[in-house]
Amino acid sequence: MEKKSVVNESEQIQLAIKMIKLGARLQLLEAQTTLSRERLIKLYKELKGVSPPKGMLPFSTDWFLTWQPNIHSSIFYNIYKFMVDYTDEKGIHAIIKAYSLYLQQVEQEGEEEPVLSMTRAWTLVRFVESKMLKLQNCNCCGGSFIVNSYDLNHQYVCNLCHVPSRAGKTKKAKELTYKVVAMTA
């Protein structure tokens with residue numbers, strides 16, 4: 001029988017609290033901590049005031065390759081890669097710090113809600129580690145962006161240098177355009 005350590009349990013609870021505050025789903029908490037599911041549910045309810053959301057985690061690489069999610073995923077992953085390469089942070093701790101820096105960047109840009117969730121950030125790291133996705137430099141601007149590992153990427157041009165025709169045509173953009181037109185009329 002394993003000997004329980006109060007210090008280890010405390011560290012696991014602190015880790016879970018950090019992840020819950022960043023919006024991690026229950027499956028992510030279970031995968032990254034040694035706490036029981038029941039304990040994690042209680043902790044989640046105590047911190048958020050509601051039960052954790054149900055449902056499957058994202059499992060497709062396609063989401064990370066679409067226009068806006070690709071830009072945000074690339075920002076996060078470049079921060080994460082820098083953390084791993086140039087600091088002592090590794091694993092989930094590097095993901096937490098990189099995601100916190102990503103959130104700071106998004107808040108500075110005035111975004112109401114981040115495009116990339118904590119759970120998707122963790123999933124992205126797993127996809128890159130399993131070589132399903134990778135970073136590729138843009139031939140135009142030189143930035144590093146998330147691409148499918150199995151696509152032909154030798155002449156890659158990013159979504160910022162070659163903006164898709166429907167990029168930015170979101171409900172929020174339509175509402176902003178409507179407000180501007182209404183103010184000028």
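Everything here concerns the structure above.
Residues numbered from 1 in each chain as written. Predicted model: local features only at pLDDT ≥ 70, side-chain atom pairs only at ≥ 80, totals over all residues. Heavy atoms only, no water.

A closer look at the nonpolar core
Next up, step 1: Of all hydrophobic cores here, the largest spans 39 residues; its most connected members are Met19, Leu29, Phe76, Ile92 and Met118.
Next up, step 2: With 5 residues, the next largest nonpolar core counts Cys138, Phe145, Val147 and Tyr156 among its residues. (Core = buried A, V, L, I, M, F, W, Y, C linked by side-chain atoms within 4.5 Å. Buried < 20%, exposed > 50% of the residue type's maximum accessible area, 1.4 Å probe, protein only.)

So, the pairing of strand 1 (residues 133-137)
Next up, step 1: Here strand 1 pairs with strand 2 (residues 144-148) via 5 bridges, running antiparallel. When the sheet's bridge partners are listed, leucine 135 is paired in strand 2 with isoleucine 146.
Next up, step 2: Hairpin connection between strand 1 and strand 2: a loop of 6 residues separates the two successive antiparallel strands, and glycine 142 in this loop has a positive phi of roughly 85°. (Pairing = 2+ DSSP bridges. Helix = DSSP H or I, 4+ residues; strand = E, 2+ residues; numbered from the N terminus.)

Here's the deal with the pattern of salt bridges
Next up, step 1: Considering all chains together, one arrives at 4 salt bridges under this definition.
Next up, step 2: For the salt bridge of arginine 39 with glutamate 9, the shortest nitrogen-to-oxygen distance reads 2.1 Å. Of this pair, arginine 39 sits in helix 3 (residues 37-48) while glutamate 9 sits in helix 1 (residues 6-21), and the two are 30 residues apart along the sequence.
Next up, step 3: Two residues, lysine 81 and aspartate 85, come together in a salt bridge whose shortest N-O distance is 3.0 Å. Here aspartate 85 and lysine 81 lie together in helix 4 (residues 67-86), a separation of 4 residues that amounts to about one turn. (Salt bridge = Lys/Arg side-chain N within 4 Å of Asp/Glu carboxyl O.)

So, the side chain of threonine 123
Next up, step 1: With respect to the helices and strands, threonine 123 occurs in helix 6 (residues 118-129).
Next up, step 2: The exposure class of threonine 123 is buried, given its relative accessible area of 2%.
Next up, step 3: Residues in contact with threonine 123, not counting those within four places in the same chain, are Pro58 and Phe64. (Contact = heavy atoms within 4.5 Å.)

Examining helix 6
Next up, step 1: Taking 1.5 Å per residue, 12 residues should reach 16 Å; helix 6 reaches 17 Å between its end C-alpha atoms and fits that length.
Next up, step 2: In terms of burial, helix 6 is a largely internal element, 9 of the 12 residues being buried.
Next up, step 3: Of all the positions in helix 6, only Met118, Thr119, Ala121, Trp122, Thr123, Leu124, Val125, Phe127 and Val128 are classed as buried.
Next up, step 4: Remark: lysine 131 follows helix 6 within two positions and exhibits a positive phi of approximately 65°. (Expected span 1.5 Å × (residues − 1).)

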